[in-house]
Amino acid sequence: MDTFNLTSNSFQNDANATPLPYDVISIQSQVIYGSVGNSIAVPALMKQGLRVAAVPTVILSNTPHYVTCHGGELPGEWFRGYLSGLVERDCLGSVRAILTGYLGSRDKAHDLAQWLSSVRQSYPSIPVIVDPVMGDEDSGFYIPPEIADVYRDEVLPLATGIIPNKFELATLSGQQIKTLDDATQAARLLLKGHTQWVIITSAFQPDDESIEVVCVTKQDVAVIRHKRYPVTPKGTGDLFGAELTTQLLAGLSVPDAAKMACLRIEQGIIHMAATGRSELVL
């Protein structure tokens, strides 16, 4: 009977050892308490049976809208090391998608772009979904505005698809967006390099009860209207990105994947309200 010598670590460094099979690499913020960034994206992805490598960009005790908040941005050396480690462990061969969210600084956006460029060379078929988190219409920028230049020039051309809100789309395209035609033209300005589609989240509010998401490719435009709720919990954009990724990996088209992601957001908000929580709960 064959036996394994578990007291030796030689098998862990065996060149023939099989790397862990990750499906998704999710690069975004993390909170100890709450449901934003990877703290909502990872559970959502795992709930659908996907194995996730979570790379943090910042680690906070909770979102800054609470009275107290502890933690902060991780050192650039650590962040670059986390990304390099995934390549060094040879796990990219099984990865089916890369999802990025809150980065927090221009330097991290630049580091991400360099890493994605390298990954693109070795694994050109991996879909890259970028949420260029920078700000919103009601608050403006909540990170240094200069990150927009790095997103525009370095990160977005490496993305398969991007999911900006209307404020971020206007910032990245340099266009004013007041109508659907404005949004379509602005989105198509970003269809460069590898980028095949843009989904504009919370694009328009046609009435008090509805909100629209707009999916744009070079050939088509699809508008998805869903119910607008009076509560706006933190993390809905991060949950949208995770659910969108899940549905795309299940084989849905971009508009159909976006529809399903919107439905998941609605379900999350309804469940949050029904349980009396102040944070999203899956």
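Presented here is a report on the structure given in the accompanying data block. (Residues numbered from 1 in each chain as written. Predicted model: local features only at pLDDT ≥ 70, side-chain atom pairs only at ≥ 80, totals over all residues. Heavy atoms only, no water.)

**Some points on the overall build of the protein**
Next up, step 1: Across its full length, the protein holds 8 helices and 11 strands.
Next up, step 2: In terms of overall size, the protein behaves like a compact globule, its C-alpha atoms giving a radius of gyration of 19 Å where 282 residues would be expected to give roughly 19 Å.
Next up, step 3: Along the first, second and third principal axes, the C-alpha atoms of the protein reach 70 × 45 × 35 Å.
Next up, step 4: Within the protein, buried positions represent 49% of all 282 residues.
Next up, step 5: Considering only contacts within the protein whose residues lie at least 6 apart along the sequence, 65% involve residues at least 24 apart.
Next up, step 6: On the protein, roughly 14,300 Å² of surface is accessible, and the fraction owed to carbon and sulfur atoms is 50%.
Next up, step 7: Positive and negative side-chain charges in the protein, numbering 21 and 30 respectively, have mean positions lying 3 Å apart. (Helix = DSSP H or I, 4+ residues; strand = E, 2+ residues; numbered from the N terminus. Rg over C-alpha atoms; globule rule 2.2 N^0.38 Å. Buried < 20%, exposed > 50% of the residue type's maximum accessible area, 1.4 Å probe, protein only. Contact = heavy atoms within 4.5 Å. Areas by Shrake-Rupley, 256 points an atom, 1.4 Å probe, with all protein chains shown as cover. Lys, Arg positive; Asp, Glu negative; His and termini not counted. Charge placed at Lys NZ, Arg CZ, Asp CG, Glu CD.)

**Some details on the packing of helix α2 (residues 76-88) against helix α3 (residues 106-122)**
Next up, step 1: Contact pair α2 / α3: the axes reach a minimum separation of 10 Å and the direction vectors enclose 15°. Relative to α3, the element α2 is oriented roughly parallel. For the crossing formed where α2 meets α3, the hand is right-handed. Across the interface between the two elements, Gly76, Phe79, Arg80, Leu83, Ser84, Leu86 and Val87 from α2 touch Lys108, Asp111, Leu112 and Trp115 from α3. (Axes fitted to C-alpha atoms, helices over the stretch in contact; angles between N-to-C directions. Parallel < 35°, antiparallel > 145°, perpendicular 65-115°, else oblique. Left-handed = near helix turned anticlockwise from the far one by under 90°.)

**Observations regarding the pattern of salt bridges**
Should the charged atoms of two oppositely charged side chains come close, the side chains can pair.
Next up, step 1: The tally for this structure, following the rule as stated, stands at 7 salt bridges.
Next up, step 2: Residue Glu212 pairs with Arg225 through a salt bridge whose shortest N-O separation is 2.8 Å. With Glu212 in strand β10 (residues 210-216) and Arg225 in strand β11 (residues 221-227), this residue pair connects regions lying 13 residues apart in the sequence.
Next up, step 3: Classification of Glu212 by relative accessible area gives buried; the value is 12%. (Salt bridge = Lys/Arg side-chain N within 4 Å of Asp/Glu carboxyl O.)

**Considering the packing of aromatic side chains**
Next up, step 1: Here the structure, examined in full by the defined rule, presents 2 aromatic pairs.
Next up, step 2: The interplanar angle of 80° and the centroid separation of 5.9 Å between the aromatic rings of Tyr33 and Tyr66 together place this pair among those described as edge-to-face. With a gap of 33 residues between them, Tyr33 in the loop between β1 (24-31) and α1 (38-47) and Tyr66 in the loop between β2 (52-60) and β3 (71-73) connect regions that are remote in the sequence.
Next up, step 3: We classify Tyr33 as partly exposed; its relative accessible area is 47%.
Next up, step 4: Note on Phe141 and Phe167: the rings are 5.1 Å apart at their centroids and 75° apart in plane angle, and the pair reads as edge-to-face. With Phe141 in strand β7 (residues 140-141) and Phe167 in helix α5 (residues 166-173), this pair connects stretches of sequence that are 26 residues apart.
Next up, step 5: For Phe141, a relative accessible area of 32% corresponds to the partly exposed category.
Next up, step 6: Residue Phe167 is classed as buried on the basis of its relative accessible area of 16%.
Next up, step 7: Here Arg51 stacks its cationic end above the ring of Tyr22, 5.0 Å away from the centre of that ring.
Next up, step 8: Above the plane of the ring of Tyr229 lies Lys227, whose end atom (NZ or CZ) is 5.6 Å from the centre. (Phe/Tyr/Trp six-rings, centres within 6.5 Å; stacked < 30°, edge-to-face > 60°. Lys NZ or Arg CZ within 6 Å of the ring centre and 35° of its normal.)

**Re helix α4 (residues 147-155)**
Count 3.6 residues to each turn of an α-helix, and residues three or four apart come out pointing the same way.
Next up, step 1: Listed in full, the buried residues belonging to α4 are Ile147, Ala148, Val150, Tyr151 and Val155. Summarising the axial view, the buried residues of α4 lie within an arc of 165°, below the 170-degree limit, and thus occupy one face.
Next up, step 2: Looking at the buried positions of α4, the neighbouring elements they touch are α3, β5 (128-130) and α5. (Arc of directions from axis to C-beta.)

**Examining the environment of Ser202**
Next up, step 1: Examined against the element boundaries, Ser202 turns out to sit in strand β9 (residues 197-207).
Next up, step 2: Classification of Ser202 by relative accessible area gives partly exposed; the value is 42%.
Next up, step 3: Setting aside its immediate chain neighbours within four residues, Ser202 contacts Lys166, Ile211, Glu212 and Val213.

**Looking at the environment of Asp138**
Next up, step 1: Topologically, Asp138 is positioned in the loop between β6 (135-136) and β7.
Next up, step 2: A C-alpha to C-alpha distance of 20 Å links Asp138 and Leu180, two positions 42 residues apart in sequence.

**Thoughts on the nonpolar core**
Next up, step 1: Counting 47 residues, the largest nonpolar core has Ile25, Ile27, Ile98, Trp115, Tyr151 and Ile200 as the members making the most contacts within it.
Next up, step 2: At 6 residues, the largest contribution of residues to this core is made by α3.
Next up, step 3: Beyond its immediate chain neighbours, meaning those up to four positions away, Trp115 contacts Ile25, Ile27, Leu83, Ser84, Leu86, Val87 and Ile98.
Next up, step 4: Residues Leu45, Leu99, Ile163 and Leu280 belong to the second largest nonpolar core, which totals 31 residues. (Core = buried A, V, L, I, M, F, W, Y, C linked by side-chain atoms within 4.5 Å.)

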